Amino acid sequence: PPPVAEWSTPGRAPRASMSPARAAALRGAGAAAPTVARALAALLLCSRGSSALTLPPEVPERVADQVRAVLADPEDRVEVLSADHTLPAESYEVVCAEDGHTVVRSGSLLASLYGLYALAQSAGYAFLHPLHVVRPTGVPDWCHTLSARGRGGSTPAGVEAVRGTHLHTQHPIELADLLNGVGPSPGGRGPSEDEVAWASGLPMWTQYLQWLVANKQNLVEWALLEWGPTDGFSTSPVRKRRLTAVVARAQEWGLSVSIDAPVNLQQQHAFRLQVGEAGEGPLGPVKARLDWLCDLGLDMISTEIGSTEFSHADASETVALLNATVEYLAAKGKQLVVKNHASTNQYATGYKDPLEPSKELNFNYITYYADKRVVSAPHTVQMYSLSDPLVGSYGRRNFSDIFAMMKLLDREGKPQVFFPETAYWVDFDNSVPLFLPLYATDRLRDLQTLTREVPRAGHLNFESGWAFGYWINNAAQAFAAWSRRNGEELTEERLFHSLLAPLGAPFDKVADVLFQLATLQNRTLVHDVFEGHEGYTPQTLMGYLQGWEGMAEAQEHFQFAVVMPPRVHPRDISKRGDWYIEALAPRLKALASAARPLARRCRALRAAHGGGGGDAARAALLKDACVGVELFSLRVEQVGGIYEAASGAAGSPEGGLLRSAAAIREGLALIESLALAPEWTRWTGEAWPTAYPYGYLWPAASLFFWRRDHQIVAHGVSEACYLNLYDPVEIGLPFSRYKRFFQNLAHGLSKTLGWLPWFYHYAGCLTGPSAEPPAPLDPAGALATTAPPMAFVERAYF
């Protein structure tokens, strides 16, 4: 029989103090060691007649049930003691005695769970993806000594201790329906208000809460949506009861809970605090909805100011409202957090910039002049770190003004939580799909910067989905935030290796691939800024790899609300042949050459370890991460083919189009191999609860952005807003009695303008799809489909 060491969790030696009887039983298990070992362990456990895992009475029943369901019963006795509130709130100590009895001591319920899940990870479990808990490959060893006391033996108090996650449920992500009080409909055409449908999402919520605790987060937040103040559901007793239950379940795990409800931000179905002009007292019309939210049992409320991300309100009225709101919430024992958007070119009239007194303040930072109890949440977008150059995202060249304001707030003792992202979604990363492990390393850099320069800032991460490797980015930011709390030093390479270590081999090789890919992306997509052709701003390759659809092209063309890096459009590249040959083509070729070996390594890992050694969760994580790496390489190849074909540099477009078509075919096959959940990839045709009539992975699963670029070049499409994916009225305006009128007006104008010579090219900018998706593209005749070709299909679905 193989020795016991070969059955133990990868990277961990069997405990020397293992009892002779247990060791003998394991040695007799023979070649079928892992399976037989688990069976023998179960038999030995049953012979004890009682549970080996003891939880204190303050652990709520639902939490205890989840813990026992996942961890089963350890073979060795594990006892979690009642919290000792004389200890720092987030401290824990795990001590294993010589007899194998392991005790978890802590300063709070949350810290008790931190310690228990840390022990489980030492025993071979991994909780890096909410839906895929990896279990030990052999007999777990529960005898470990661990501790977390924080710097100086204490835990920071207040918002500086926040390590939270914001689920951006304005996007149709995994938990968007449940957290807005609805569930899936049987036919998949939009959500359902049915009780059973809503409750079907609660198990996933429990899994996500477990993920938060296992990854040592302490706050969860999401964006609340509405369908209209008088729709009968948005503020109904039914919805309030459901949301109260969701909040309570999170608090049972010891987590703090916040909901984001803008003051009057109109975009993407946001649940607004101010829905009219009526109301008495300094809170005016926001009091009724503040009370409604407070009744849910929240610990804090987040809000956003301005009517959109790119438009501002009256500065004096905003300050007065924030002051009244924070006073009102403080009396109820709750905090107010205000998001500071990353947009530019909007100013707070009458308020000087404290950093440059000769200028007026960026309206987004008006919280500087508000009550000192208001918690500012400076927001950065996309993968960029605080020190990175930007080439156009949100009209920016860098985040230096945000960083300077954060340092000022810290110096003056004003509370703040830094609010970066691990996915942007809209046209940019996981919707393409474009796996960017650069998010993980940039979040680490930012946290290290906070430690040095803004030590009193908390950390609240904006996430928007888990697929195509984005679970790695989400887990990495949590890992880095906890390491910052403990004063641990991490390098970018060590981040990936330490994060994935609990998964065992071959994830050490995956970690190496991810580190190399993140380094490559940092060099080529962020820091390699090259001059655009005359008339174009500086660029990076990110502008070419991200997705583009009609709305984004209209924003770029007319230079309004620009949110992404620019590119030279494929239809214009033939006019800039010399620039393409000298500047763009060599960069695309070099990036493809550098990404290709990483994709090959991942393909080999999938082939060798795709079965996961009988562990479905481990296999699923390896496949998802490696498919993300391979899709990145294919996207670079596809973009290179598109631009080669459009430029005319090769004489004929056929070669480039064939490269693009081959990349699309291979990409679709990889995505199909992931077996993504249908509710995340289907077209629902109903723009609610979010403003998008599809699951968040529909663009990615259909390779919409890849196919659209291919179609534009292959068929010479010239419409500026060809295949607009977003309805500007649906996304940009709040619900009102006039919204449907404006939508009908926009649709009518779109059809009318389509017949006018000059306006024809812009007709599609006024509207977007709802009932039916764009028909599939059949590149170069290589993809079988029964749907009509994509050329001019906008006439059918706008």
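So, a few notes on the structure that sits alongside this text. Since the model is a prediction, treat every value here as computed from it, not as a measurement.

**Overview of the overall build of the protein chain**
Point 1. The secondary structure content of the protein chain amounts to 25 helices and 19 strands.
Point 2. Within the span of the protein chain, comprising 798 residues, buried residues form 61% of the whole.
Point 3. Of all intrachain contacts in the protein chain linking residues separated by at least 6 positions in sequence, the fraction that spans at least 24 positions is 73%.
Point 4. Summing over all exposed atoms, the protein chain offers an accessible surface of approximately 29,200 Å²; the carbon and sulfur share of this is 56%.

**Here's the deal with a nonpolar patch on the surface**
Point 1. Nonpolar side chains collect at one region of the surface, where F741, L745 and L749 lie side by side and expose about 280 Å² of accessible area between them.
Point 2. Position of L745 relative to the elements: it lies in helix α24 (residues 739–753).
Point 3. The partly exposed category is assigned to L745, whose relative accessible area is 41%.

**Notes on the pattern of salt bridges**
Point 1. Scanning the entire structure with this criterion turns up 36 salt bridges.
Point 2. Linking R456 and D410 is a salt bridge whose minimum nitrogen-to-oxygen distance equals 3.7 Å. Linking R456 in the loop between α11 (438–453) and β19 (458–463) with D410 in helix α10 (residues 400–411), this pair joins segments that are 46 residues apart in sequence.
Point 3. One network of salt bridges, in which partners are shared, links E553, R567, R635, R708 and D709.

**Thoughts on the packing of aromatic side chains**
Both the distance between ring centres and the angle between the ring planes are used here to describe each pair of aromatic rings.
Point 1. In total, this model carries 28 aromatic pairs according to the counting rule given.
Point 2. For the ring pair Y694 and W698, a centre distance of 5.6 Å and an interplane angle of 40° mean the geometry is tilted.
Point 3. According to the relative accessible area criterion, Y694 is buried, its value standing at 1%.
Point 4. An aromatic cluster of at least three residues, connected via ring pairs, comprises W425, W683, Y692, Y694, W698, F704, F705 and Y726.
Point 5. Looking at R289, its charged tip hangs above the ring of F271, at a distance of 4.2 Å from the centre.
Point 6. Across the ring face of F403, the terminal group of K407 is positioned such that the distance to the ring centre comes to 4.6 Å.

**Focus: the sheet that holds strand β2 (residues 78–80)**
Point 1. Here we have five strands laid out as an open sheet, ordered β1-β2-β4-β3-β7, and mixed in their pairing. This sheet does not close on itself; its edge strands, each paired only once, are β1 (53–54) and β7 (146–148).
Point 2. Here strand β3 (residues 92–96) runs beside β7; their pairing, made up of three bridges, is antiparallel. Paired with Y92 across the two strands is A148, which belongs to β7.

**Details of the packing of α11 against helix α12 (residues 470–485)**
Point 1. Two numbers describe how α11 lies on α12: the axes approach to 8 Å, and their chain directions differ by 20°. Here α11 lies roughly parallel to α12, going by the angle between them. Considering the relative orientation of α11 and α12, their crossing is right-handed. Taking contact as the criterion, the partners of Y439, A440, R443, L444, L447, L450 and T451 in α11 are, on α12, Y470, N473, A476, Q477, A480, A481 and R484.
Point 2. Across the contact of α11 with α12, the residue classes break down as nine nonpolar, three polar and two charged.

**What to know about the sheet that holds strand β17 (residues 375–378)**
Point 1. An order of β17-β14-β13-β12-β11-β8-β19-β18 is seen for the eight strands of this open sheet, with the pairing classed as parallel. Here the strands that pair on one side only, and so sit at the sheet edges, are β17 and β18 (417–418).
Point 2. Strand direction decides the pairing type here: strand β8 (residues 163–167) and β19, joined by five bridges, are parallel. Paired with H166 across the strands is F462, a residue of β19.

**Some remarks on unusual backbone geometry**
Point 1. V432 connects to P433 through a cis peptide bond whose omega is -5°.
Point 2. Between A505 and the following residue, P506, the backbone shows a cis peptide bond with an omega angle of 5°.
Point 3. Its identity as a non-glycine residue notwithstanding, Y394 has a phi of 55°, on the positive side.
Point 4. Look at Y394 and you get buried, because its relative accessible area is 4%.
Point 5. Phi at A561 is positive, roughly 50°, even though this residue is not glycine.
Point 6. Inspection of the secondary structure assignment puts A561 in the loop between α16 (550–558) and α17 (577–609).

**Remarks on the pairing of β19**
Point 1. Taking burial as the measure, the six residues of β19 include six buried ones, the bulk of the element.
Point 2. Here β19 shows a buried face lined by G458, L460 and F462 and a second buried face lined by H459, N461 and E463.
Point 3. Direction of pairing for β18 relative to β19: parallel, over a ladder of two bridges. Among the inter-strand pairings, V417 is bridged to a residue of β19, identified as G458.
Point 4. Read as a crossover between parallel neighbours, the route from β18 over α11 to β19 is right-handed.

**A few points about the nonpolar core**
Soluble, globular proteins show a tendency: their nonpolar side chains are buried together.
Point 1. Counting 220 residues, the largest nonpolar core has W205 and L293 as its most contacted members.
Point 2. Broken down by element, the residue count for this core peaks at 16 residues, all from helix α18 (residues 616–647).
Point 3. Beyond its immediate sequence surroundings of up to four residues, W205 is in contact with L167, L175, L178, L179, V220, W222, V246, R249 and A250.
Point 4. If you look at the next biggest cluster of nonpolar residues, it comprises eleven residues, including V375, F419, L460 and F462.

Reading the values: rules and limits
Residues numbered from 1 in each chain as written. Predicted model: local features only at pLDDT ≥ 70, side-chain atom pairs only at ≥ 80, totals over all residues. Heavy atoms only, no water. Helix = DSSP H or I, 4+ residues; strand = E, 2+ residues; numbered from the N terminus. Buried < 20%, exposed > 50% of the residue type's maximum accessible area, 1.4 Å probe, protein only. Contact = heavy atoms within 4.5 Å. Areas by Shrake-Rupley, 256 points an atom, 1.4 Å probe, with all protein chains shown as cover. Patch = residues over 30% accessible without salt bridge, like charges linked within 9 Å, V, L, I, M, F, W, Y side chains within 5 Å. Salt bridge = Lys/Arg side-chain N within 4 Å of Asp/Glu carboxyl O. Phe/Tyr/Trp six-rings, centres within 6.5 Å; stacked < 30°, edge-to-face > 60°. Lys NZ or Arg CZ within 6 Å of the ring centre and 35° of its normal. Pairing = 2+ DSSP bridges. Axes fitted to C-alpha atoms, helices over the stretch in contact; angles between N-to-C directions. Parallel < 35°, antiparallel > 145°, perpendicular 65-115°, else oblique. Left-handed = near helix turned anticlockwise from the far one by under 90°. Nonpolar A, V, L, I, M, F, W, Y, C, P; charged D, E, K, R; others polar. Right-handed = clockwise from strand over helix to strand, strands pointing away. Core = buried A, V, L, I, M, F, W, Y, C linked by side-chain atoms within 4.5 Å.

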